[in-house]
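A structural walkthrough
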Amino acid sequence: MQWRSLVVGLVVLRLSLSCVLWLTFGLGPGVSFGFNFHLGFNLHKLDLLFREDKGTESKGKTWSQQIQGKRYEQTASTCPQVGQQPPPQRSYLGLFQGNQDEYARRYSSFPDSLKTKMRGMARDMFYFGYDNYMKYAFPKDELNPIDCEGRGPDVLNPSNININDVLGNYSLTLIDTLDTLLVLGNVSEFQRAVRLVIDTVSFDKDSTVQVFEANIRILGSLISAHILLTDPKHPFGEVGFEDYDNELLHLAHDLAVRLLPAFENTNTGIPYPRVNLKTGVPPDSINETCTAGAGSLLVEFGILSRLVGDSTFEWVARRAVRALWKLRSNETGLLGNVVNIQTGQWVSKQSGLGAGMDSFYEYLLKSYILFGEKEDYRMFQSAYESIQIHMRRGRESCNEGEGDPPLYVNVNMFSGEIMNTWIDSLQAFFPGLQVLNGDVDNAICLHAFYYAIWKRFGALPERYNWQLQAPDVLFYPLRPEMVESTYLLYQATKNPFYLHVGMDILQSLETNAKVRCGYATLHHVVDKSKEDRMESFFLSETCKYLYLLFDEDNPLHRSDNKYIFTTEGHVVPIDKRFRERQWSDLGPFTLSPPCPCMNCNRIPEEQRYALPLKSVYMRQIDHMVGLF
């Protein structure tokens, strides 16, 4: 009997301690038996308080259920009378039943006439920005849409990397939008723009730029435009012209050669973050770079190597990816955010899916799709598994069961412990990557969470604190990631829900960001104040994905060839010539057969016609971001 008394005493002590913590620190929801539950998205507190053993978490319940479970244990001794049924336990999700039909009524259909209207609206949005750039800003890099002026590098303040990392005095916006002109079907303007680039652009400039930005915005666009100009299948019709002599490819090669010094004199093979296009790596260059910046060069460099028959570019890009991969944690398989390129030590041990890491994962999968190197896919599969184990929180299934909706949080790369309670807008790309990987169920849920944030603010704040239900960083520079995932989910499911999401985004941009000569960065997503800047990716990606979302008959959708988008939204074909190379000095790789890259048949039939996410879960997510 003594051991029973000891066990009972320990149980009572634990319950008492839980109550003290509850009452002292308010570590849980305010609970009532009506419909006014206050449910915060309190995963961090759950992680700290209710972890039985270090490194393990209960993912099958919501944090609120686990806390309520303690209360139910305290009152479990109250027995029903003889012959009386015990009262049924109330489902956590019962709080969100509400009027579920409102979601079905709003999202379950999208008439063709409205689709045509939205396609025209997306086209007009692009041309309003593009035409004003050409009128007021060209040949400068960007348009200041409020003052109707051009913007180039900040030569008076070289430390202004927010501007100088991107702007290199090389007509950035014109180059970045070349293939968008073809996507919109404007062959004549595409040809005019190509000639302008050939006649006016030079990279022999005293400009210090970020290797990553120059690669994805400039090099990627030049390669894409060159491929589309010379594609014998002519998906956009006859777009070439007689006197074209591979000038875009020559420009791309010239730029890549000027970026190569970033890979020299590093002990790890991980490149310096910046180069001067004339002189190479600046003498005062820092030895720190982010994982995405160093590890997201392989698609563009790999294609260039195959087009010019020179393995150098792919070799240095692949060496950087391998070097980063070797530095991952032996315990979790995760990588950090910022690394020292000389010592290989992690400067930032945060591991997440957003800024500093996003396109690293993206390019592991896309490199495999393009080049067929099995090593790339093995790395991606391993990384994806580690992400699911250590970053993913919430219920096991997106569309079934009890618990909080799935969310990917920022964790310590070595322990998997949550490091903070914010997510950033760049992470909104991840549902699109999940679609490419065939994990459509998880993609649906994560996208729905970001869409709920968009509905609340009419934009995505740069950082959103899921615990406080409020933005941490308030600006929105017209980023495309949310639109990109919406487009890819629609291509995978053909569910009209995603057309409604696209319409909401279009209307929000028209209402909140349109100014005299274009579309301006939102300085504050709450009061909608603006900054006088229109980044090139707004035309290159945001408008492109919005247009494609509503253009079912676009050549990209009808062509026999398959295409993939770079991380800057540039169109490149999945072509067997990119799976062939004239060299064998990159390592003992095995080429796989071409990837079918079509996962639509993995989607349950009911998700193609009903709402992609059940109404009760949509309502739950809306509540968790403060929509009601």
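Residues numbered from 1 in each chain as written. Predicted model: local features only at pLDDT ≥ 70, side-chain atom pairs only at ≥ 80, totals over all residues. Heavy atoms only, no water.

**A word on the overall build of the protein**
The following threshold applies: Where helices and strands are cited, they refer to DSSP runs of H or I of at least four residues and of E of at least two residues respectively, numbered from the N terminus. The contact criterion used is simple: two residues touch if any of their non-hydrogen atoms lie within 4.5 Å. Each accessible area is a Shrake-Rupley result for a 1.4 Å probe, and residues are judged covered by the shown protein chains and nothing else.
The helix and strand inventory of the protein stands at 23 helices and 20 strands. A fraction of 71% describes how many contacts in the protein between residues 6 or more apart in sequence connect residues 24 or more apart. With the model as given, the accessible surface of the protein reaches about 25800 Å², and the carbon-plus-sulfur share is 52%.

**A closer look at the sheet that holds strand β7 (residues 346-348)**
Strand pairing in a sheet relies on backbone hydrogen bonds. The paired strands run either parallel or antiparallel. For clarity, the threshold we go by: Strands were regarded as paired on the criterion that DSSP finds at least two bridges between them. In this analysis an axis means a line fitted to C-alpha atoms, helices contributing only their contacting stretch, and an angle means the value between N-to-C directions, from 0 to 180 degrees.
Pairing is antiparallel across the open sheet formed by three strands, whose spatial order is β5-β6-β7. Two strands lie at the open edges of the sheet, namely β5 (288-290) and β7, each paired on one side alone. Looking at each pair of strands side by side, their axes are set apart by 35° on average, direction ignored. Taken together, the two bridges between strand β6 (residues 338-340) and β7 define a ladder with antiparallel strand orientation. Opposite Val339, over in β7, you have Trp346 as the bridge partner.

**Digging into the confidence of the model for the protein**
Low-pLDDT portions of the prediction should not be read for the details of their coordinates. Selection criterion: You can read pLDDT as the predictor saying how much it trusts each residue, on a scale of 0 to 100.
Summarising the model, the protein shows a mean pLDDT of 85, and 80% of its residues fall at 70 or more. Below a pLDDT of 50 lies the segment residues 20-84, which in the model reaches 105 contacts outside its immediate sequence neighbourhood of four places, other chains included. Low pLDDT, under 50, characterises residues 588-601; the predicted model gives this stretch 32 contacts beyond four residues in sequence or across chains.

**Re the UniProt feature "active site" (unreviewed entry) in the protein**
Rules: UniProt positions are given in the numbering used here, feature names are shortened, and annotations may be inferred rather than shown by experiment. Only protein chains enter the accessibility calculation, which uses a 1.4 Å probe; a residue is then buried when its area is under 20% of its type maximum, exposed when over 50%, and partly exposed in between.
Following the UniProt record, one finds the feature "active site" (unreviewed entry) at Glu213, Asp358, Glu462 and Glu481. Owing to a relative accessible area of 15%, Glu213 belongs among the buried residues under this scheme. In this structure Glu213 touches Asp165, Val166 and Ile218, once residues within four positions along its chain are discounted. Mapped onto the elements, Glu481 comes out in helix α19 (residues 481-493).

**Re the nonpolar core**
Side chains of nonpolar character tend, in soluble globular proteins, to be buried together. The line we're drawing: For this analysis, a nonpolar core means a set of buried residues of the types Ala, Val, Leu, Ile, Met, Phe, Trp, Tyr and Cys, connected via side-chain atoms within 4.5 Å.
In this structure, Phe301 and Leu509 are the most contacted members of the largest nonpolar core, which totals 172 residues. Residue contributions to this core peak at 13 residues, all from helix α18 (residues 440-457). For Leu509, the residues in contact, after removing those within four places along its chain, are Met125, Trp454, Tyr476, Leu478, Lys514, Tyr519, Phe538, Thr542 and Leu546.

**A word on the sheet that holds strand β14 (residues 470-473)**
Read from one edge of the open sheet, three strands run β12-β13-β14, paired in antiparallel fashion. The open sheet is flanked by β12 (422-424) and β14, the only strands paired with a single partner. Going across the sheet, the axis of each strand differs from the next one's by a mean of 35°, ignoring polarity.

**Thoughts on the pattern of salt bridges**
Our working rule: Here, a salt bridge means any Lys or Arg side-chain nitrogen found within 4 Å of an Asp or Glu carboxyl oxygen.
This structure, assessed with the given rule, holds 29 salt bridges. Notably, a salt bridge pairs Glu213 with Arg217, separated by 2.9 Å at the nearest N-O pair. With Glu213 and Arg217 both in helix α10 (residues 211-230), this residue pair falls four residues apart, about one helical turn. Here Glu213 and Arg217 have matching classes, each one buried. With a shortest N-O distance of 3.1 Å, Asp575 and Arg577 are connected by a salt bridge. For Arg577, a relative accessible area of 33% puts it in the partly exposed group. Connected through shared salt-bridge partners, Arg306, Glu314, Arg318, Arg322, Glu373, Glu375 and Asp376 make up one network.

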